[in-house]
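# Per-entry structural report
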Amino acid sequence: MIDYLSSLNEPQRLAVMHGDGPLMIIAGAGSGKTRVLTYRIAYLIENGVDPFRILSLTFTNKAAGEMRHRIERVIGTEARNIWMGTFHSVFAKILRIEAKAIGYTSNFSIYDTDDSKSLIRSIVREMGLDDKVYRANNVFSRISGAKNRLIGPDDYLNNPIIQADDAAARMPEVGRIYKQYSLRCFQANAMDFDDLLFNTNVLFRDHLDILHKYQHKFQHVLVDEFQDTNVSQYLITRKLAAVHQNICIVGDDAQSIYAFRGANIENILNFQRDYGKENVKVIKLEQNYRSTKTIVQAANSIISRNRSQLEKHVFTDNEEGPLIDIIKASSDNEEGRLIATSLFEIKMQEGLKNTDFAILYRTNAQSRAFEEALRKLSIKYRIIGGTSFYQRKEIKDLLAYLRFTVNQSDEEAFKRIINLPKRGIGDTTVAKIAVLAAEKQVPIWEIVSNVTKHVAGRAGIAIEGFADLIKSFKLMLEKKDAYDVASHIAKASGILKELYEDKTVEGLARYENVQELLNAIKEFVDNPENDDKSLSSFLQSVSLLTTADEDDKDGDNDKVTLMTIHAAKGLEFRNVFIVGMEEDLFPSQMMLESRADLEEERRLFYVAITRAEKRLTMSYAETRYHYGRLKVCEPSRFLMEVDQRYLKMARMRMSDSTTQEREVPSGGSMSFVRSLAQKTAKSQSPQPAVAHIPSADFAPSDTSGLAPGMRVEHMKFGFGTVKLVDQNGTDRKAIIQFETAGEKTLLLSFAKLRIVE
DNA sequence: GCGCAAGACGTTTTT
DNA sequence: CGTCTTGCGC
């Protein structure tokens with residue numbers, strides 16, 4: 001009956017059949033870890049473990065769904081009872097159940113990144129701070145980083161290292177913003193993504209009875225993609241596994257690509273320390289079943305350049321396979337055409353389907369050229385990630401109505417809809433209400449529902465009307481399901497009407513999108529797997545969708561997949577194109593600018609390569625449009641780092657260029673620098689020239705060009721002030737240097753600065 | 001408070 | 001090149 005065991009190799013079988021106690025599976029790319037995890041859970045259930053008592057944490061909800069179905073095929077419908085999902089969705093569910101213990105109610109809102117940033121923007125304004133200094137992006141990432149390390153606002157303020165760091169970054173008030181931000185989230189009965197994990201930790205820390213309940217409930221805890229968990233997540237798993245000690249982690253340090261959001265490879269090391277090295281069973285899965293020898297070895301040649309890694313040797317018995325093709329294109333658009341043509345040829349020659357192909361890129365913005373080229377060849381494609389359906393304005397607007405109906409404390413939802421459609425309530429009034437609520441420490445609704453006490457005149461009456469509208473929506477919540485409430489709200493709020501009256505193409509599309517959202521809610525309600533059909537439950541599931549979770553709306557499934565490399569984690573395709581292999585793009589400009597080593601970028605490259613089963617193609621363009629300007633690109637250093645034996649390429653060369661120089665007065669703004677360079681280029685060369693000024697060279701990471709004690713101050717992306725100072729603080733001159741490469745457009749936002757004595 | 005026009009500013013990667 | 005903010009007349 002357990003015939004699935006026979007299809008496994010020795011280490012895989014050991015991992016599946018491991019009994020009690022901590023288990024760490026180091027699984028190389030393509031080594032069948034999903035199978036192992038699936039079968040292990042099936043095996044546990046067959047051996048008497050109650051599915052209700054298994055907690056399995058995956059990286060996407062889709063992965064959880066697929067795994068659930070695979071387990072179902074082995075052991076039957078019992079698989080439905082396994083606790084399975086992403087960290088965020090599983091613990092959001094638990095927080096919903098236990099909300100009261102930490103002062104929330106179970107219908108709390110989940111703030112997405114936009115909500116968080118908008119709240120931070122308001123707070124910065126209210127505190128009278130400069131929003132150019134305290135950029136929402138920056139502040140948010142600091143707060144997020146702190147939360148991921150389980151540092152609360154008070155800890156943050158009391159930590160001298162963090163305070164010194166903030167002071168050095170000239171943002172000493174971040175701690176106070178953080179404190180206010182947390183307070184406001186709490187008052188809004190809202191949690192951001194990080195709070196879902198942070199508050200779970202708080203819940204387990206402060207309420208031992210609740211912790212004990214879950215500790216005893218979960219007899220087995222399994223964590224996939226362990227290399228991408230952060231401290232906050234790790235501690236949750238550690239607490240949950242503390243009683244039974246049955247924790248199984250699966251990961252690959254070589255595929256850790258989420259350090260930027262707090263993932264900590266050291267969790268793998270901590271794991272052995274925390275459970276005792278002698279207690280932890282370690283199993284390595286090193287045989288790759290996915291890719292050709294060429295692909296596996298090329299990937300190995302990349303990752304071997306990284307210093308920090310666990311000892312592991314990934315190999316394969318698969319065929320040799322074709323060499324990796326390198327395609328050089330003259331522009332980003334040509335890159336699109338060449339890839340699309342190549343894809344089409346391979347598809348015809350080998351008789352493949354569109355689903356056999358994936359195009360992977362470093363940033364979402366790169367998809368455009370490939371979309372156009374594929375469309376021209378009538379090749380169907382789908383894009384994963386990017387501006388997703390749920391990020392569209394009209395969708396967020398309706399969702400905000402739904403959120404506010406469920407949770408009248410939700411400040412961000414309130415701000416979004418209070419004047420939508422227009423009812424004569426301006427920013428001033430909105431800010432006033434938000435501040436009033438914050439000062440009195442009461443929910444927004446408290447002010448809104450008694451608005452005439454606080455706001456006089458026309459605005460007050462308008463808000464009163466709004467409050468009555470929301471009250472009428474609220475009444476529906478108890479009796480009706482999510483779909484009935486939502487479709488009523490769409491009509492009664494006037495959102496649908498406003499879009500319907502907009503007869504432009506975009507207006508029509510927006511109207512259809514809203515209908516599409518209503519359809520999605522209908523589907524949610526009709527799905528027998530969802531036991532809770534309330535609006536609140538729908539909103540929760542929607543906010544925690546991962547990019548991979550979004551389904552195609554049309555029924556056609558044979559499509560080429562376009563996505564970022566990050567989104568491709570865990571997936572595999574027969575043929576893979578890795579595009580945009582250019583210095584500044586991959587490895588990314590940001591990584592080159594910060595003095596960080598490129599190890600994470602290299603791991604990302606490793607992940608990209610190992611998605612391919614049979615055939616791999618890489619491409620780069622010599623020029624690329626960026627902010628509407630043409631930029632000259634150089635081939636990525638990563639292309640040189642691959643063992644050249646596995647590549648089939650046109651000889652790579654740097655683009656021909658000559659260098660021009662111009663003096664820049666210190667303290668001048670970049671727009672001045674820009675116009676100066678523009679003038680220079682035009683007057684000095686008969687044809688207008690391209691100025692290639694890689695922004696990586698903006699801050700001379702190579703300090704050899706600098707006299708001792710000198711430094712160049714600048715703004716990223718070529719905006720702001722250029723300033724060159726010596727150790728006495730005296731201004732000195734700097735040179736802007738740019739190359740001409742015989743093209744027509746000037747690219748001036750990427751300036752290379754050099755020092756003049 | 002609204003709407004339009006000119007101007008500023010920006011791109012990793014994601015739950 | 002887009003998108004979002006700001007400034008001004010109404």
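Fair warning: this is a prediction, and the values are worked out from it, not measured in the lab.

## A short note on the overall build of chain A
When its secondary structure is counted, chain A shows 30 helices and 22 strands. Taking all 757 residues of chain A together, the buried fraction comes to 53%. In chain A, 77% of the contacts between residues at least 6 apart in sequence involve partners at least 24 apart. Of the accessible surface of chain A, which amounts to about 33400 Å², a share of 50% is contributed by carbon and sulfur atoms.

## Let's talk about the protein's contact with DNA strand B
Around DNA strand B, the structure places 31 residues, and the nearest of them are Arg-362, Gly-426, Thr-429, Thr-547 and Met-590. A share of 55% of the atoms of DNA strand B within 4 Å of the protein falls on sugar and phosphate groups. In this structure, a phosphate oxygen belonging to DNA strand B sits 2.8 Å away from a side-chain N or O atom of Thr-429. One of the side-chain nitrogen or oxygen atoms of Thr-564 is found 3.1 Å away from a phosphate oxygen of DNA strand B. Among the elements of the structure, helix H19 (427-440) and helix H27 (589-593) are those that each provide at least two residues to the surface near DNA strand B. If one sorts the elements of the surface near DNA strand B by residue count, H19 sits on top with three residues. Each residue belonging to the surface near DNA strand B can be placed in one class, and the counts come to ten nonpolar, 15 polar and six charged.

## Some thoughts on helix H16 (residues 367-376)
Buried within H16 are the following residues: Ser-367, Ala-369, Phe-370, Glu-371, Ala-373 and Leu-374. Looking at the packing, one finds that the buried side of H16 touches helix H15 (332-350), strand S10 (357-361), strand S11 (381-383) and strand S12 (560-564). Taken from the residues just after H16, Ser-378 is the one with a positive phi, measuring 55 degrees.

## Things to note about the UniProt feature "binding site: ATP" (unreviewed entry) in chain A
Residues annotated in UniProt with the feature "binding site: ATP" (unreviewed entry) correspond here to Ala-27, Gly-28, Ala-29, Gly-30, Ser-31, Gly-32, Lys-33 and Thr-34. Turning to its location among the elements, Gly-28 is positioned in the loop between strand S1 (23-27) and helix H2 (33-46). If sequence neighbours within four positions are ignored, Gly-28 has contacts with Asp-252, Gln-255, Leu-285, Lys-312 and Val-314. The topology assignment puts Ser-31 in the loop between S1 and H2. Since its relative accessible area comes to 2%, Ser-31 is described here as buried. Excluding anything up to four places from it in sequence, Ser-31 contacts Gln-12, Leu-285, Gln-287, Asn-288 and Tyr-289. At 2.6 Å, the side chain of Ser-31 forms a polar contact with the backbone oxygen of Gly-28.

## A few points about the layout of surface pockets
By volume, the second largest pocket amounts to about 2000 Å³. Around the second largest pocket, the lining is made up of 44 residues, and of these Phe-524, Asn-527, Glu-529, Asn-530 and Ser-541 lie nearest the centre. Only helix H3 (61-75), strand S3 (83-86), helix H4 (87-98), helix H25 (505-526) and helix H26 (535-543) provide two or more residues apiece to the lining of the second largest pocket. It is H3 that contributes the most residues to the lining of the second largest pocket, seven residues altogether.

## Details of the packing of H4 against helix H12 (residues 231-240)
Two elements in contact, H4 and H12, have axes separated by 12 Å at closest approach and are oriented at 55 degrees. With respect to their mutual orientation, H4 and H12 come out oblique. Crossing of H4 against H12: the hand is left-handed. Taking contact as the criterion, the partners of Phe-87, His-88 and Phe-91 in H4 are, on H12, Gln-233, Ile-236, Thr-237 and Leu-240. By residue class, the composition of the contact of H4 with H12 is four nonpolar, three polar and no charged.

## Let's talk about the sheet that holds S1
Here six strands make up an open sheet; going across it, the order is S3-S2-S6-S7-S1-S8 and the pairing parallel. Edge positions in the sheet fall to S3 and strand S8 (281-285), since each has one partner strand and no second. Here the strands of the sheet are splayed against their neighbours by 15 degrees on average, with no regard to which way each runs. On top of the sheet, helix H13 (residues 266-275) reaches S1, strand S7 (247-251) and S8; it is set at about 160 degrees to S1, its chief contact.

## Re a nonpolar patch on the surface
Where nonpolar side chains cluster on the molecular surface, the patch consists of Phe-344, Met-348 and Leu-377 and spans about 260 Å² of accessible area. Note that Phe-344 resides in helix H15.

## Here we look at the pattern of salt bridges
A complete count under the given rule lists 46 salt bridges for this structure. In this structure, Arg-13 and Glu-10 form a salt bridge, with 3.1 Å as the shortest nitrogen-oxygen distance. Linking Arg-13 with Glu-10, this pair stays in helix H1 (residues 10-17), spanning three residues, or about one helical turn. In the salt-bridge network here, residues are joined through shared partners; they are Lys-33, Asp-224, Glu-225, Asp-228 and Lys-569.

## Here's the deal with empty space enclosed by the protein
Empty pockets left among the atoms are what a rolling probe the size of a water molecule brings to light. Taken as a whole, this structure holds two cavities of 30 Å³ or more when the rule is applied. Quantified by volume, the largest cavity comes out at close to 100 Å³. In terms of lining residues, the largest cavity is bounded by Arg-96, Asn-107, Phe-108, Ser-109, Ile-110, Arg-403, Val-406, Asn-407, Ser-536, Leu-539, Gln-540 and Ser-543. Taken together, the elements giving at least two residues each to the lining of the largest cavity come down to strand S4 (109-111), helix H17 (393-406) and H26. In terms of residue count, H26 provides more of the lining of the largest cavity than any other element does, four residues in total. Tallied by class, residues from the lining of the largest cavity come to four nonpolar, six polar and two charged. When its volume is computed, the second largest cavity comes out at roughly 60 Å³. In this structure, the second largest cavity is lined by Arg-184, Gln-187, Ala-188, Ser-409, Glu-411, Ala-434, Ala-437, Ala-438, Val-442, Pro-443 and Ile-444.

## Section: helix H6 (residues 136-148)
Along its 13 residues, H6 runs 18 Å from first to last C-alpha, staying within 8% of the 18 Å computed at 1.5 Å per residue. For H6, every residue scored as buried is listed here: Ala-136, Val-139, Phe-140, Ile-143, Ser-144, Ala-146, Lys-147 and Asn-148. Where the residues of H6 are buried, they touch helix H5 (113-126), helix H7 (153-158), helix H9 (174-187), strand S5 (190-192), helix H10 (193-206) and H12. After H6 finishes, the residue Leu-150 shows a positive phi value of roughly 65 degrees.

## Digging into the pairing of strand S9 (residues 324-329)
Taken together, the three bridges between S9 and strand S17 (residues 647-649) define a ladder with parallel strand orientation. Note on S17: the bridge partner recorded for Ile-326 is Met-649. In this structure, S9 lies alongside strand S14 (residues 612-621), joined through five bridges in parallel fashion. Paired with Ile-326 across the two strands is Met-618, which belongs to S14.

## A few points about the packing of H12 against H13
The geometry of H12 relative to H13 is characterised by a closest axis approach of 11 Å and an angle of 25 degrees between their N-to-C directions. The angle between the axes of H12 and H13 places the two elements in the roughly parallel class. The hand of the H12/H13 crossing is right-handed. For the pair H12 and H13, contact is made by Val-231, Tyr-234, Thr-237 and Arg-238 and by Asn-267, Asn-270, Phe-271, Asp-274 and Tyr-275, respectively. In the contact of H12 with H13, the residues fall into four nonpolar, three polar and two charged.

Procedures and definitions
- Residues numbered from 1 in each chain as written.
- Chains lettered and ligands numbered in written order.
- Predicted model: local features only at pLDDT ≥ 70, side-chain atom pairs only at ≥ 80, totals over all residues.
- Heavy atoms only, no water.
- Helix = DSSP H or I, 4+ residues; strand = E, 2+ residues; numbered from the N terminus.
- Buried < 20%, exposed > 50% of the residue type's maximum accessible area, 1.4 Å probe, protein only.
- Contact = heavy atoms within 4.5 Å.
- Areas by Shrake-Rupley, 256 points an atom, 1.4 Å probe, with all protein chains shown as cover.
- Near = heavy atom within 4 Å.
- Polar contact = N/O pair within 3.5 Å; in protein donor to acceptor, adjacent residues only side chain to side chain.
- Nonpolar A, V, L, I, M, F, W, Y, C, P; charged D, E, K, R; others polar.
- UniProt positions renumbered as here; feature names shortened; annotations may be inferred.
- 1 Å grid on protein atoms, 1.4 Å probe; cavity = no way out; pocket = protein on both sides within 12 Å on 5 of 7 lines; lining within 4 Å.
- Points joined across faces, edges and corners; volume = space filled by probe spheres on them.
- Axes fitted to C-alpha atoms, helices over the stretch in contact; angles between N-to-C directions.
- Parallel < 35°, antiparallel > 145°, perpendicular 65-115°, else oblique.
- Left-handed = near helix turned anticlockwise from the far one by under 90°.
- Pairing = 2+ DSSP bridges.
- Patch = residues over 30% accessible without salt bridge, like charges linked within 9 Å, V, L, I, M, F, W, Y side chains within 5 Å.
- Salt bridge = Lys/Arg side-chain N within 4 Å of Asp/Glu carboxyl O.
- Expected span 1.5 Å × (residues − 1).

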